[in-house]
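# Residue-level structural notes
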Amino acid sequence: MRRTLFTDEHDEFRASFRRFVDQEIVPHHLDWERDGIVPRELFAKAGANGFLGTDVPEAYGGGGVEDFRFNLVIGEEVQRAGVGGAGLGITLHNDICLPYFLSLCTDEQKERWLPGICSGELITAIAMTEPGIGSDLASMSTSAFRDGDRYVVNGSKTFITNGINADLVITAVKTDPTQRHKGMSLVVLERGMEGFERGRNLEKVGLHSQDTAELFFTDVSVPVENLLGTEGQGFVHLVQNLPQERLSIAAAGVAAAEAALGWTLDYVKERTAFGQPVGSFQHSRFVLAELRTEIDIARVFVDRCVEALDAGELTAEEAAEAKWWCTELQKRTVDACVQLHGGYGYMLEYPIARAYTDARITTIYGGTTEIMKEIVGRSLGV
Ligand SMILES: Cc1cc2nc3c(=O)[nH]c(=O)nc-3n(C[C@H](O)[C@H](O)[C@H](O)COP(=O)(O)OP(=O)(O)OC[C@H]3O[C@@H](n4cnc5c(N)ncnc54)[C@H](O)[C@@H]3O)c2cc1C
């Protein structure tokens, strides 16, 4: 189905980013998958080519265009090339962390951080999850007690994307541990602060080139100038920014499903069994037809959500619907596509195998499918 979302400018941006992916990511991807991390230079190169902070004002080194369609193009091209592990750090930086800086920074903080975020010199992460809590954020225990003009931060976080590479970590803390949601605040922890240690780069099922780490804070002295937004409003700030995070994950899910279907169609036309291409068995055609249909339908919904986001109208419920349904679709799709590849689908030299392992987390991170359904269900008055 013809998409009506993009203009010529987005198409040119897509062609340019596709070249960047083909030249700067694809040739190195297997090495990075083995290393468990991408080099920091990837961010610097992405920044130098205008692929970071497209929505940051030009005065701070950004592209100066508030338009999530550019973010969407980046997310889609990463999936198309089958380099989701390496691309996640960039989409997290652009789609998920940057909006907090853009909407919450004081002028002084903007001067201090935005130019480096756009150039790729400052890599970002967001740390909410702790070893003891994930979905139930208000039960977090990392604390930040005010001591004069500083906060003293203690606690730990886990599963943090860009955790090893990050220079700026938006950290959810309790400034008032006697409260649940109302006791939460966001502070930015910076590389090199005394008492801020990185733990392991965690070994995962998929997304191997993405560094996902534990972070430990022992009496970290953080200047009050690093408070992001308003003390005690951390939960509100998270709720305001999570719809874009969830839409980014949903859109990546649809793009990943599209890529998986494309690789599989190529494969089932070539591979023969019982004297005919395996794709021509009626069962295969039905499976492929179902995937084609579901992906087309999902894409229309996601495109509409992107328009709503750009118009400032996307609701938390709509973003939750997109997130759970599109990532469950991604999971169903890669599973069916592995099956259609037969044994080769289990071999990591085939992109579908990597896509299969990369997909598993998407119904969990950014809020699980169950939590998304809770958000939608609550809005129905039940
Ligand atoms: C690769 C990866 C990257 C990640 N990146 C980040 C990151 O950058 N920053 C960050 O802060 N976190 C990150 N996370 C953490 C991720 O967001 C959490 O794992 C996720 O929110 C789930 O939390 P949990 O693991 O504690 O599961 P739990 O909350 O313990 O949930 C366990 C199960 O219980 C279910 N459950 C929980 N509550 C309810 C309920 N009320 N109703 C019904 N079912 C419920 C869940 O759906 C799930 O099935 C990442 C995780 C991974 C694996």
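Nothing here was measured: the structure is a model prediction, and the numbers come from that model. (Residues numbered from 1 in each chain as written. Predicted model: local features only at pLDDT ≥ 70, side-chain atom pairs only at ≥ 80, totals over all residues. Heavy atoms only, no water.)

This part covers the overall build of the protein. Secondary structure assignment for the protein yields eleven helices and ten strands. A compact globule built from 382 residues should have a C-alpha radius of gyration of about 21 Å, and the protein, at 21 Å, falls within 12% of that. Referenced to the eigenvectors of the C-alpha coordinate spread, the extents of the protein come out at roughly 80 × 50 × 40 Å. Split into buried and exposed, the 382 residues of the protein put 54% on the buried side. Across the protein, contacts joining residues at least 24 apart in sequence account for 75% of those joining residues at least 6 apart. Accessible surface for the protein amounts to roughly 17,200 Å². Of this, 52% is attributable to carbon and sulfur atoms. Here the protein holds 36 positive side-chain charges and 56 negative ones, and the gap between their average locations is 5 Å. (Helix = DSSP H or I, 4+ residues; strand = E, 2+ residues; numbered from the N terminus. Rg over C-alpha atoms; globule rule 2.2 N^0.38 Å. Buried < 20%, exposed > 50% of the residue type's maximum accessible area, 1.4 Å probe, protein only. Contact = heavy atoms within 4.5 Å. Areas by Shrake-Rupley, 256 points an atom, 1.4 Å probe, with all protein chains shown as cover. Lys, Arg positive; Asp, Glu negative; His and termini not counted. Charge placed at Lys NZ, Arg CZ, Asp CG, Glu CD.)

This paragraph deals with a negative patch on the surface. A surface patch of like charges, here negative, comprises Asp8, Glu9, Asp11 and Glu12. You can see glutamate 12 is positioned in helix 1 (residues 8–25). (Patch = residues over 30% accessible without salt bridge, like charges linked within 9 Å, V, L, I, M, F, W, Y side chains within 5 Å. Salt bridge = Lys/Arg side-chain N within 4 Å of Asp/Glu carboxyl O.)

This part is about the pattern of salt bridges. Within the structure shown, the criterion is met by 24 salt bridges. For glutamate 108, the salt bridge is made with arginine 112, and the minimal N-O distance between the two is 2.6 Å. Taken together, the residues span about one helical turn, with glutamate 108 and arginine 112 both in helix 6 (residues 107–119) at a distance of four residues. A salt bridge links arginine 378 to glutamate 374; its shortest N-O distance comes to 3.8 Å.

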